[in-house]
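Here's the letter readout for the chains.
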Amino acid sequence: MMLNDLLKKIDQLSGGDPQAIDLIRRAYEFAQKAHEGQKRSSGEPYFNHCMATAQTLIDMKLDPKTIAAGLLHDVAEDTKYTILDIKKVFGDEIMFLVEGVTKLGKIKYHGDQQRAENLRKMFLAMAEDTRVILVKLADRLHNMQTLKYVKPEKQKRIAMETMEIYAPLAHRLGMGEIKGQLEDLSFQYLYPEEYKWVIDHVSEKYQERERYIEKIKPVIQEELTKENIKPINIDARAKRYYSLYKKLGKYDMNLDKIHDLVAVRIAVNTIEECYGALGVIHKLWRPLPGKIKDYIALPKPNGYQSLHTTVFCIDGKITEFQIRTLQMHDEAELGIAAHWLYTEKGKPKIGTKLDNKKFAWVSQLRDWQKEISGSQEFLESLKIDFFKDRIFVLTPKGDAIDLPEGATPVDFAYHIHSEVGDRCSGAKTNGKMVPLSHTLQNGDVVEIITQKKHTPTRSWLEFVKTSIAKNRIRHLLKKEYGIEILPVKKQSSGYHVEIKLTCSDRLGLLKDVSEEMQKSKINIESINSAKERKNSPVIITITTTIKIRTGVEKLVSKLKEVKNVDGATYKIMSRD
Ligand code: MN
């Protein structure tokens, strides 16, 4: 596809919006330049892959920004340009989408169940903007379409990942079309013999059935017209290979028992016409008992709606009919993407959570969450409002680790192992050194640097978020200093003060100081002792919050009475 064809499609899709056309033109030129000289395994220019991804997103009828993100999705990963370059040229929203796709690309599935769960969770965490997943699905579709050019040992792994992660995800989002394509493409790499068997046995049957449906089309057309129902179209729908193969497994591999091998699909304008058309078909041909399914009144869990019936058709051939409106059709094929088409007036914003009641997929994601985790864990996740305040970060090996929002490398380290936490002396995210108090972001690859003799410091308590880290650090500090460091109470109001005590060092000094505080029922927010040189006095620095001003002076004079405390000063930091 050339630039002009692309712009023509955007022109149609956006209703001639000059901004949309300009955006796509710029994204096209940027991506083409960035990937210049790069080749796919097939030998064709790398940029073709970007165009194929964008084309799929156009077929999903998505907004121009998502299509631009499709064109740019591999730029940050595979070229000399960075995510910041994309931010500079295209702004925050497109940067956010490309970054999400890049992050999702980092996790790899190797076939064990534990990792499949992690990977799905990761995707769910990314669902804060579903468009990230849609771009990733479009990317994966083209990678599957060109999988034959990839080394055989890699083919199997990618096909398995597609079957276990991407196809179920597309299904959960109600995207029947892309799900079917992904499954069939994976099928041929995962089970080549079975795939060949299905093709060999079915292709002739398919053709025969399609000829047959051409024969019954005019008959239905005529009857519908008599009842004043104007069908938008009537066509034959051949069952997908993988879903046929799965169904055959239940019917002794006997193709004659599969009635929906090729189904007749009728699209009409209204729900009334759906039921009207069902009546017309039943008047013409006798239905098989128990085969009438009303997915309009009772949609499938993923939102699918249609009327299905199976009848003894012309020449007594058992034939399935599927009747639906055009909107139901689009929703069955495009799923979540169709919701944008039909319900979004404006453009979706970054991180917009779609309305729960309107969008069945939100509850689908919840169902999925229920499926993939134990009930205990699920209850936990309800408490935290469905990943709203969770993030997922990755180990250098690609395992997803689930942490609360605001978590730091120290939380991550303690999550890996208490030893790693204790010895943690530095951290890298995405290859760059960061402070231990750094706030981790969804999808960060985190690497912990340890030192043998390293131990936690009190300041860690001020930034760690997980109770596992807090408890361990407090435990170690208590062991080392013999004092209880209480958790910082949030939002205690009063005078925030810093007290400095000058002392001559002795055993149990810190313990006595903290006991004095506890006697006065005052919470220690932080406590630190330091000595400049071997023989200089110890300076103990305490921060705390005290309700009334006179309480500060009272405490300071009490602390002066502790043995070996030679002097005390205080500073009021703030008041609220
Ligand atoms: Mn790609």
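Residues numbered from 1 in each chain as written. Predicted model: local features only at pLDDT ≥ 70, side-chain atom pairs only at ≥ 80, totals over all residues. Heavy atoms only, no water.

Quick word on the coordination of the manganese ion
Part 1 of the argument: Coordination of the manganese ion by the protein is provided by H49 (NE2), H73 (NE2), D74 (OD) and D139 (OD), with metal-donor distances spanning 2.1 to 2.3 Å.
Part 2 of the argument: Each donor residue of the manganese ion belongs to the same chain, with the gaps between them written as H-x23-H-D-x64-D. Here D74 lies in the loop between α4 (64-72) and α5 (75-78) and H49 lies in helix α3 (residues 47-59), a separation of 25 residues in the sequence.
Part 3 of the argument: Judged by its relative accessible area of 0%, H49 falls in the buried class.
Part 4 of the argument: When its relative accessible area of 11% is taken as the criterion, D74 is described as buried. (Donors = N, O, S within 2.8 Å, 3.2 Å for Na, K, Ca; no water. Helix = DSSP H or I, 4+ residues; strand = E, 2+ residues; numbered from the N terminus. Buried < 20%, exposed > 50% of the residue type's maximum accessible area, 1.4 Å probe, protein only.)

What about the environment of Q327?
Part 1 of the argument: Among the structural elements, Q327 can be located in helix α15 (residues 326-334).
Part 2 of the argument: Sequence separation of Q327 and T270 is 57 residues, and the distance between their C-alpha atoms is 9.3 Å.

What about the packing of aromatic side chains?
Part 1 of the argument: Per the stated rule, a full pass over the model turns up 11 aromatic pairs.
Part 2 of the argument: When the centroid spacing of 5.4 Å and the interplanar angle of 85° are considered together, the rings of F187 and Y195 count as edge-to-face.
Part 3 of the argument: Looking at Y195, the relative accessible area reads 19%, which means it is buried.
Part 4 of the argument: Aromatic pair Y206 and Y241: ring centres 6.0 Å apart, planes at 20°, arrangement stacked. Residue Y206 is located in helix α12 (residues 192-226), and its partner Y241 is located in helix α13 (residues 241-250); the two are separated by 35 residues in the primary sequence.
Part 5 of the argument: Following the ring pairs from residue to residue traces out a cluster consisting of F187, Y191, Y195, Y206, Y241, Y242 and Y245.
Part 6 of the argument: A cation over a ring is seen here: R40 above Y46, with NZ or CZ 5.4 Å from the ring centre. (Phe/Tyr/Trp six-rings, centres within 6.5 Å; stacked < 30°, edge-to-face > 60°. Lys NZ or Arg CZ within 6 Å of the ring centre and 35° of its normal.)

Section: the environment of I58
Part 1 of the argument: Secondary-structure assignment places I58 in helix α3.
Part 2 of the argument: Each C-alpha atom, one on I58 and one on I10, is 7.9 Å from the other, the two residues being 48 residues apart in sequence.
Part 3 of the argument: Once you skip the residues sitting within four places of it in the chain, I58 turns out to touch L6, K9, I10, L13 and I67. (Contact = heavy atoms within 4.5 Å.)

Thoughts on unusual backbone geometry
As a rule of thumb, non-glycine residues mostly have phi less than zero, and peptide bonds are mostly trans rather than cis.
Part 1 of the argument: Even without being a glycine, D252 presents a positive backbone phi close to 50°.
Part 2 of the argument: Structurally, the position occupied by D252 is in the loop between α13 and β2 (262-268).
Part 3 of the argument: On the basis of relative accessibility, which here comes to 64%, the residue D252 falls in the exposed class.
Part 4 of the argument: Not every positive phi belongs to a glycine, and M253 is a case in point at roughly 55°.
Part 5 of the argument: Within the secondary structure layout, M253 lies in the loop between α13 and β2.
Part 6 of the argument: Judged by its relative accessible area of 32%, M253 is partly exposed.

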